[in-house]
Every structure is written in structure tokens, then in C-alpha cells.
Amino acid sequence: MRRIWGRPRWRPRLSRLAIGAAIAAALAWGAGFVWFTESIPRAVKKPHEVTDAIVVLTGGAGRLIAGLELLAEGRAAKL
């Protein structure tokens, strides 16, 4: 191994390789996240079908009320 200024030459290459691998992993993760979000259906295929349960994500105005209305209509046994 050839040394320049007292340090091995492979250290800068190894750090560039590690940084490149981290960037590639981040890009792959981001592309997978975009693919996942694009694969989520935008609309319900069968809106009047009875299901096992109703899942209501909190945080939005009217979400809990909509879930309770679906439960009252008999669309599912659980909320």
C-alpha cells in the first residue's frame, strides 16, 4: 500500500464509497416511498359493502363523525 503524506490512500476512497452507498440507499428509499404512495387507491371500489371494521385516522375535522355515521348505518360491527 502506497502512502502519501503518512496516510494510507484507501481511506478517502472508503469514505467516498460509504457516502455514495448512503446516498444510493436514501434515493432507493425515497423512490420506494413514492411508489407506495402512488399505489394507494384514491377511491373506494365498493362503497356500500359491509366490512369487518371501520378505521378512522384522527387529525382531520369530521373524520370521527363520518366513522360514527358509517357505524350507525351498519357498514361494520366495529369502529
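Residues numbered from 1 in each chain as written. Predicted model: local features only at pLDDT ≥ 70, side-chain atom pairs only at ≥ 80, totals over all residues. Heavy atoms only, no water.

Time to look at the overall build of the protein. Per the secondary structure count, the protein includes 2 helices and 2 strands. Starting at the N terminus, the α and β elements of the protein follow one another as β-β-α-α. Per-residue burial over the protein gives 6% buried out of 79 residues. In the protein, the proportion of contacts linking residues at least 24 apart, taken out of those at least 6 apart, comes to 42%. Taken as a whole, the protein presents about 7400 Å² of accessible surface, with 65% of it coming from carbon and sulfur. (Helix = DSSP H or I, 4+ residues; strand = E, 2+ residues; numbered from the N terminus. Buried < 20%, exposed > 50% of the residue type's maximum accessible area, 1.4 Å probe, protein only. Contact = heavy atoms within 4.5 Å. Areas by Shrake-Rupley, 256 points an atom, 1.4 Å probe, with all protein chains shown as cover.)

A contiguous nonpolar surface patch, about 660 Å² in accessible area, is contributed by W29, F33, W35, F36 and I40. Topologically, F36 is positioned in helix α1 (residues 10-39). (Patch = residues over 30% accessible without salt bridge, like charges linked within 9 Å, V, L, I, M, F, W, Y side chains within 5 Å. Salt bridge = Lys/Arg side-chain N within 4 Å of Asp/Glu carboxyl O.)

Turning next to the pattern of salt bridges. When their charged atoms lie close together, side chains carrying opposite charge are able to pair. Taken as a whole and assessed by the stated rule, the structure comprises 2 salt bridges. Of the charged contacts in the structure, one is a salt bridge between E38 and R42, with a shortest N-O distance of 3.8 Å. Since its relative accessible area comes to 57%, E38 is described here as exposed.

Tracing the sequence through the fold places R75 in the segment after α2 (63-72). With a relative accessible area of 19%, R75 lands in the buried category.

A few words on the confidence of the model for the protein. On average, residues of the protein score 86 in pLDDT, and 86% of them are at 70 or above. Looking at the elements of the protein, mean pLDDT is at its lowest for strand β1 (residues 3-4), recorded as 56, and at its highest for α1, recorded as 92. (pLDDT = per-residue confidence, 0-100.)

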